[in-house]
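# Structural overview for review
Listed here are the chains, written in short residue letters.
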Amino acid sequence: MPEDKLPPARPARVDLRSPWVVDTRELARHAGLSRPVQRKVPVEDTLGVPDVIIVPKGTEIDLDLLLESVVEGVLVSGTASVAATGHCSRCLDPITEDVEVELTELYAYPGSTTEETTDEDEIYRLVDDRIELEPLVCDALVLALPLVPLCEENCQGLCPGCGVKWADLEPGHGHEKIDPRWAALVERFDGDDAPGKQA
């Protein structure tokens, strides 16, 4: 059979046992029908930047979504929220941050105009009337994680002299700074002034 006569390749099947997969057959491609989806889904792989802020593997993501049948596919909208853990980028204290993202995404029907005129990596598609939520949700959450997590907005960080949190130090705390060009001279005079030192 000539290549131009071959049937289009079928998309990979989705894992029906995955809690990330939602069946849309009850919407039956009737524009205007909708269905709420509320569930908690565990993260299968750690998300984020290690040693900065992450959503650990096994953490549950709270999904509150609405699936709406439209002419070109199924429109998914709603929120996904999760607790991320990490360290303050200024004082290094452990932190927990609640992250919530707004989602609005179209999953195109096979054979729809949208599906046929859009590059494969530019839109999500239904497979066997089911949608796979994991890539959409996890990508959105990773992008929403703070690049510079803070324990509080006005965290002062650590004293560069002793490494102690500024918040734990007495007012007026500081360290004497000596110009490195004079350091050897200061050490010599300190030695001359030491107790028991003879002239």
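So, a few notes on the structure that sits alongside this text.

Each value, and the rule that gives it
- Residues numbered from 1 in each chain as written.
- Predicted model: local features only at pLDDT ≥ 70, side-chain atom pairs only at ≥ 80, totals over all residues.
- Heavy atoms only, no water.
- Core = buried A, V, L, I, M, F, W, Y, C linked by side-chain atoms within 4.5 Å.
- Buried < 20%, exposed > 50% of the residue type's maximum accessible area, 1.4 Å probe, protein only.
- Helix = DSSP H or I, 4+ residues; strand = E, 2+ residues; numbered from the N terminus.
- Contact = heavy atoms within 4.5 Å.
- Patch = residues over 30% accessible without salt bridge, like charges linked within 9 Å, V, L, I, M, F, W, Y side chains within 5 Å.
- Areas by Shrake-Rupley, 256 points an atom, 1.4 Å probe, with all protein chains shown as cover.
- Salt bridge = Lys/Arg side-chain N within 4 Å of Asp/Glu carboxyl O.
- Lys, Arg positive; Asp, Glu negative; His and termini not counted.
- Charge placed at Lys NZ, Arg CZ, Asp CG, Glu CD.
- Pairing = 2+ DSSP bridges.
- Phe/Tyr/Trp six-rings, centres within 6.5 Å; stacked < 30°, edge-to-face > 60°.
- Lys NZ or Arg CZ within 6 Å of the ring centre and 35° of its normal.

In terms of nonpolar packing, the biggest core is built from 32 residues, with Ile61, Leu63, Leu67, Leu133 and Val137 touching the most fellow members. Counting residues per element, the ones that place at least two in this core are strand S2 (34-42), strand S4 (53-55), strand S5 (60-70), strand S6 (73-87), strand S7 (94-108) and helix H2 (134-144). Setting aside residues up to four positions removed in sequence, Val137 forms contacts with Trp20, Ile61, Leu63, Ala80 and Leu103.

With that settled, the discussion passes to a negative patch on the surface. There is a patch of like negative charges on the surface, built from Asp119, Glu120, Asp121 and Glu122. Note that Glu120 resides in the loop between helix H1 (113-117) and strand S8 (124-125).

With burial as the criterion, only one face of S5 is covered, namely that bearing Ile61, Leu63, Leu65, Leu67 and Ser69; the residues Glu60, Asp62, Asp64, Leu66, Glu68 and Val70 on the opposite face remain uncovered. Inspection of the sheet shows S2 paired to S5 by 9 bridges, in the antiparallel sense. Each bridged residue has a counterpart across the sheet, and for Val37 the counterpart in S5 is Leu65. Judged from the 9 bridges that link them, S5 and S6 form a sheet pairing that is antiparallel.

All chains considered together, the criterion is met by 1 aromatic pair. When the ring of Tyr107 is compared with that of Tyr124, the centres are 5.2 Å apart and the planes differ by 25 degrees; the resulting orientation is stacked. Of this pair, Tyr107 sits in strand S7 while Tyr124 sits in strand S8, and the two are 17 residues apart along the sequence. Residue classification places Tyr107 among the buried residues on the basis of a relative accessible area of 1%. Taking NZ or CZ as reference, Arg29 lies 4.3 Å from the ring centre of Tyr109, over its face.

With that settled, consider the side chain of Thr79. One can find Thr79 in strand S6. With a relative accessible area of 17%, Thr79 lands in the buried category. Those residues within four positions of Thr79 in sequence are excluded, and the remaining contacts are Asp62, Leu63, Asp64, Leu65, Glu100, Val101 and Glu102.

Taken as a whole and judged by the stated rule, the model has 3 salt bridges. As a salt-bridge pair, Asp23 and Arg25 come within 2.6 Å of each other at their nearest N and O atoms. Given a relative accessible area of 25%, Asp23 falls into the partly exposed group. For Asp62, the salt bridge is made with Lys40, and the minimal N-O distance between the two is 3.5 Å. Taken together, the residues Asp62 in strand S5 and Lys40 in strand S2 connect sequence positions 22 residues apart. Judged by its relative accessible area of 33%, Asp62 falls in the partly exposed class. Shared partners join several salt bridges into a network, and the residues in it are Asp23, Arg25 and Arg130.

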